[in-house]
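This is what each chain is made of:
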2 protein chains.
Amino acid sequence: MAVYTNVSADEIASFIAEYDIGDVISFKGIAEGVENSNFLLSTTKDKYILTLYEKRVNPKDLPFFLGLMDHLAHKGINCATPIADRNGNNLKELCGRPTALISFLNGLSISRPNVQNCAQLGMALAQMHLAVSDFTLMRKNDLSIEGWKRLVTSCEMRADECSVGLGNIIHREMATLQENWPGNLPTGIIHADLFPDNVFFLNGKLSGLIDYYFACSDMLAYDIAICINSWCFNADYSLNIAKASALVNGYNEKRQLSAAELNALPLLCRGAALRFMLTRLYDWLNRVEGALVKTKDPLEYLSMLKYHQNIKTVAEYGVIV
Amino acid sequence: MAVYTNVSADEIASFIAEYDIGDVISFKGIAEGVENSNFLLSTTKDKYILTLYEKRVNPKDLPFFLGLMDHLAHKGINCATPIADRNGNNLKELCGRPTALISFLNGLSISRPNVQNCAQLGMALAQMHLAVSDFTLMRKNDLSIEGWKRLVTSCEMRADECSVGLGNIIHREMATLQENWPGNLPTGIIHADLFPDNVFFLNGKLSGLIDYYFACSDMLAYDIAICINSWCFNADYSLNIAKASALVNGYNEKRQLSAAELNALPLLCRGAALRFMLTRLYDWLNRVEGALVKTKDPLEYLSMLKYHQNIKTVAEYGVIV
């Protein structure tokens, strides 16, 4: 939630001179996105988001991310999409950072999604999964089971600094997931970070999906598990069954889930809970005093993990196989 | 440069329902203003800035600030101006904070102003000073000579933590200013914080002045001194004479400065340098580890102060009395 690089009026004017987007009329840093510098650019033609990619994004991944957004937009998915300059380039440089000009999406993210929002999210997620079926670029999920193992190794000895007993819980959960993690479910490109702040709504209708910077190749149903955790829990960390079933049923309307995918959901939700707990724990253990970015609480995901550990079948999510 | 208060989609929707400004289509926190939470709100009618006033603004001062902006706008000054709701109120509450909806000004602030920018700034400042002559509200300048004395008392013992010898310099400068500070120059409402980031330009023309939250009653020429320091110094802290004379001459074109005002400028510039050095030093000495706001360097103003201490007459600024 910050701007890491300052761009002067002269720099932005000469940058956009390479595009057919009119003249600058306003340019403001926005408090959006944890890892990059984002600006809202208004020109005589339209509004845009200008993103300068900061250190945590690997520049080698940018053609994949921008290519994916471009592909989705051409398939009619409502998503922010990169704008090319007059030479057809959408990946540029500004102030020494890789930079992309992105279309502006109307809408607002919703901090407390309701059942209807969850149903629409499910449909939009399925449509995105269908739309990427012929996208040809690939990106390995660095934060799947192998990545978790590395995080477990680096965190488990110090995890009890965060909560007593956490190291042991993580160690045992990692062993369970490694033994049981599904290997034969349908795969494709997943968003992998579709939290409520990455989904816009306008007049009660989903208006777009943003922030594709964790997208990667993985099991499609794992994307649903990430959404169940981030969209469907009550404040007391019990699952809101109405929201979870609305999300899964919404998805199912657009892309039919197999029995194997549905039955795997409780385990995928455990994996998704462990994944976000581990990255948050890593950030928490390695937090820098004075950093601009606030560390998120790893223990929220411990509560969700415990909830899913007690689930016997997907029917307990309100889902009928 | 941060958003301190999160406003949900529901909260913003019910807030703007009390205004005739159409429906929300986008709402984003912006990285602007050090002391308040600012959002860019787009509706079906127009663009606006929504400001939630945080702790450092005294709510008792808000009717003065909003009244001033409203007064200036009615006088044809290009400035952000508060929008009233259907009941005629422009000071409201949102998320427990005093809140105002402000018109959106096109334009960009310029980090490296040129001579032309300085000339336009001088003219705009004079026009603002003329426009407030019949504004009836008052606000004492808490950061004039009495306020500096309090800051000197609280900082001088520890000032050498920032730079060896600084405590002594501050002590002596305060004594000089107290003895010589002018008491009979024309007064009125001054902006008191007209740094380059508070002035917008569009296509090379000054398009507006923002951020009136330090405005107060004081000597009009003191506002020019603040601008000379923040607009007219070279990177090596020598004064850019072309910029300083353009600023003063631009001002003079719209509001004729008296010989007394011109002759007082070197001393007023010393006072303005001490004022910003002291508040920055106070923030620096009382900085909080992990704070979102970066502390500004007090020593920039020490360099400017030393420059002005060596000035014998205003002619050395390129200004003819």
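Residues numbered from 1 in each chain as written. Chains lettered and ligands numbered in written order. Predicted model: local features only at pLDDT ≥ 70, side-chain atom pairs only at ≥ 80, totals over all residues.

Enquirer: Please give an account of the overall build of chain A that cites residues and values.
Expert: The helix and strand inventory of chain A stands at nine helices and ten strands. Since a compact globule built from 321 residues should have a radius of gyration of about 20 Å, the 20 Å found for chain A is in line with a globular shape. Within chain A, the proportion of its 321 residues that are buried is 43%. (Helix = DSSP H or I, 4+ residues; strand = E, 2+ residues; numbered from the N terminus. Rg over C-alpha atoms; globule rule 2.2 N^0.38 Å. Buried ≥ 20, exposed ≤ 12 C-beta atoms within 10 Å, placed from the backbone.)

Enquirer: Pulling in residues and values, what's your account of the interface of chain A and chain B?
Expert: Contacts between the two partners involve 25 residues from chain A and, on the opposite side, 25 residues from chain B. The element contributing the most residues to the side of chain A that touches chain B is strand S1 (residues 24-30) of chain A, with seven residues. Residues of the side of chain A that touches chain B, tallied by class, amount to 14 nonpolar, seven polar and four charged. (Contact = placed C-beta atoms within 7 Å. Nonpolar A, V, L, I, M, F, W, Y, C, P; charged D, E, K, R; others polar.)

Enquirer: Tell me about the packing of helix H6 (residues 220-231) of chain A against helix H8 (residues 259-285) of chain A, residues and numbers included.
Expert: Residue and element names in this part refer to chain A. Running from N to C, H6 and H8 point in directions that differ by 60°, and their axes come no closer than 8 Å. Classified by the angle between their axes, H6 and H8 sit oblique to one another. Note that H6 runs across H8; the crossing there is right-handed. Listed contacts from H8 to Ala221, Tyr222, Ile224, Ala225, Ile226, Ile228 and Asn229 of H6 are Glu261, Ala264, Leu265, Leu268, Cys269, Gly271, Ala272 and Ala273. (Axes fitted to C-alpha atoms, helices over the stretch in contact; angles between N-to-C directions. Parallel < 35°, antiparallel > 145°, perpendicular 65-115°, else oblique. Left-handed = near helix turned anticlockwise from the far one by under 90°.)

Enquirer: I'd like a description of the nonpolar core, backed by residues and values.
Expert: Membership of the largest hydrophobic core comes to 196 residues, with the highest contact counts inside it found for Leu247(A) and Leu247(B). Excluding its chain neighbours within four sequence positions, the residues that come into contact with Leu247(B) are Cys118(B), Ala119(B), Leu121(B), Gly122(B), Ile224(B), Cys227(B), Ile228(B), Trp231(B) and Cys232(B). (Core = buried A, V, L, I, M, F, W, Y, C linked by C-beta atoms within 7 Å.)

Enquirer: Give me the lowdown on the domain arrangement of chain A, citing residues and values where you can.
Expert: Residue and element names in this part refer to chain A. Per the domain assignment, the segments making up chain A are domain 1 (9-103) and domain 2 (109-317). Placing the centre of domain 1 and that of domain 2 at their C-alpha centroids yields a distance of 27 Å. Opposite the 16 residues of domain 1 that make contact, domain 2 presents 17 residues. Taken together, the residues that form the side of domain 1 that touches domain 2 break down as ten nonpolar, four polar and two charged. (Domains from an automatic or database assignment.)

Enquirer: Give me the sheet that holds strand S9 (residues 205-209) of chain A: which residues, what numbers.
Expert: Residue and element names in this part refer to chain A. Strands sit in the order S6-S8-S9 across an open sheet of three strands; the sheet is antiparallel. Two strands bound the open sheet, and with one partner strand each, they are strand S6 (108-109) and S9. Bridge count between S6 and strand S8 (residues 199-202): two bridges; the pairing is antiparallel. In the sheet register, Leu108 faces S8, and the bridge partner there is Phe201. Taken strand by strand, helix H3 (residues 115-131) contacts S8 and S9, and its axis lies near 40° from that of S9. (Pairing = 2+ DSSP bridges.)

Enquirer: Can you tell me about the relation of the copies chain A and chain B, naming the residues and giving the values?
Expert: Overlaying chain A with chain B gives an RMSD of 0.1 Å, the required rotation being 180° about an axis along which the chain moves by 0.1 Å. Seen this way, the second copy is the image of the first under a two-fold rotation axis. Of the residues that chain A buries at the interface, 100% are likewise interface residues in chain B, meaning the two copies contact each other through the same surface. (Least-squares fit on C-alpha atoms with pLDDT ≥ 70 in both.)

Enquirer: Residue-level account of the sheet that holds strand S8 (residues 199-202) of chain B, with values.
Expert: The strands making up a sheet are joined through hydrogen bonds of the backbone, oriented either antiparallel or parallel. Residues and elements named next belong to chain B. Within the open sheet, the three strands sit side by side as S6-S8-S9. Their pairing is antiparallel. Pairing within the sheet leaves two strands with one partner each, and these edge strands are strand S6 (108-109) and strand S9 (205-209). Against the sheet, helix H3 (residues 115-131) contacts S8 and S9, and its axis sits at roughly 40° relative to S9.

Enquirer: Break down the confidence of the model for chain A for me, with residues and values.
Expert: Looking at chain A as a whole, the pLDDT averages 93, with 97% of positions reaching at least 70. Across the interface, the model reports ipTM at 0.81; the global pTM reads 0.86. (pLDDT = per-residue confidence, 0-100.)

Enquirer: Before we move on, can you summarise the environment of Ile12(A) with the specific residues and values?
Expert: Residue and element names in this part refer to chain A. Tracing the backbone shows Ile12 in helix H1 (residues 9-16). Accessibility expressed as a C-beta count within 10 Å gives 18 for Ile12, which makes it partly exposed. Apart from residues lying up to four places away in sequence, Ile12 is in contact with Val7, Val24 and Phe27.

Enquirer: Requested: an account of the pairing of strand S2 (residues 37-43) of chain A, with residues and values cited.
Expert: Where a strand is regular, its side chains alternate between the two sheet faces. Residue and element names in this part refer to chain A. Burial of S2 is extensive: six of the seven residues sit out of reach of the surface. Examined bridge by bridge, S1 and S2 share six bridges and lie antiparallel to one another. When the sheet's bridge partners are listed, Lys28 is paired in S2 with Leu40. In this sheet, strand S3 (residues 47-52) lies alongside S2 in antiparallel orientation, the contact comprising six bridges.

Enquirer: Can you break down unusual backbone geometry residue by residue, with the values?
Expert: In this structure, Cys95(A) is a non-glycine residue whose phi angle is positive, near 50°. Topologically, Cys95(A) is positioned in the loop between strand S4 (92-94) and strand S5 (97-103).

Enquirer: Would you mind going over the packing of helix H4 (residues 145-155) of chain A against H8(A) in detail, with residue names and values included?
Expert: Residue and element names in this part refer to chain A. One can describe the packing of H4 onto H8 by two numbers: an axis separation of 10 Å at closest approach and a directional angle of 40°. Between H4 and H8, the angle falls in the class oblique. In the packing of H4 onto H8, the handedness of the crossing is left-handed. Contacts between H4 and H8 involve Trp148, Leu151, Val152, Ser154 and Cys155 on the former and, on the latter, Leu274, Arg275, Leu278, Thr279, Leu281, Tyr282 and Leu285. Across the contact of H4 with H8, the residue classes break down as nine nonpolar, two polar and one charged.

Enquirer: Which residues make up the pairing of strand S3 (residues 47-52) of chain B, and what are the values?
Expert: Residue and element names in this part refer to chain B. Most of S3 is tucked away, with five of its six residues classed as buried. Taking the residues that link successive antiparallel strands as the turn, the strand S2 (residues 37-43)-S3 hairpin has three residues. The pairing of S3 with strand S5 (residues 97-103) spans five bridges and is classified as antiparallel. Pairing of Tyr48 across the sheet is with Ser103, part of S5.

Enquirer: Tell me about helix H7 (residues 241-254) of chain B, residues and numbers included.
Expert: Helical periodicity: at 3.6 residues per turn, an α-helix aligns residues three or four positions apart in one direction. Under the 1.5 Å per step criterion, the end-to-end length of H7(B) is 20 Å for 14 residues, consistent within 8% with the ideal 20 Å. Those residues of H7(B) lying buried are Lys243(B), Ala244(B), Ser245(B), Ala246(B), Leu247(B), Val248(B), Gly250(B) and Tyr251(B). (Expected span 1.5 Å × (residues − 1).)

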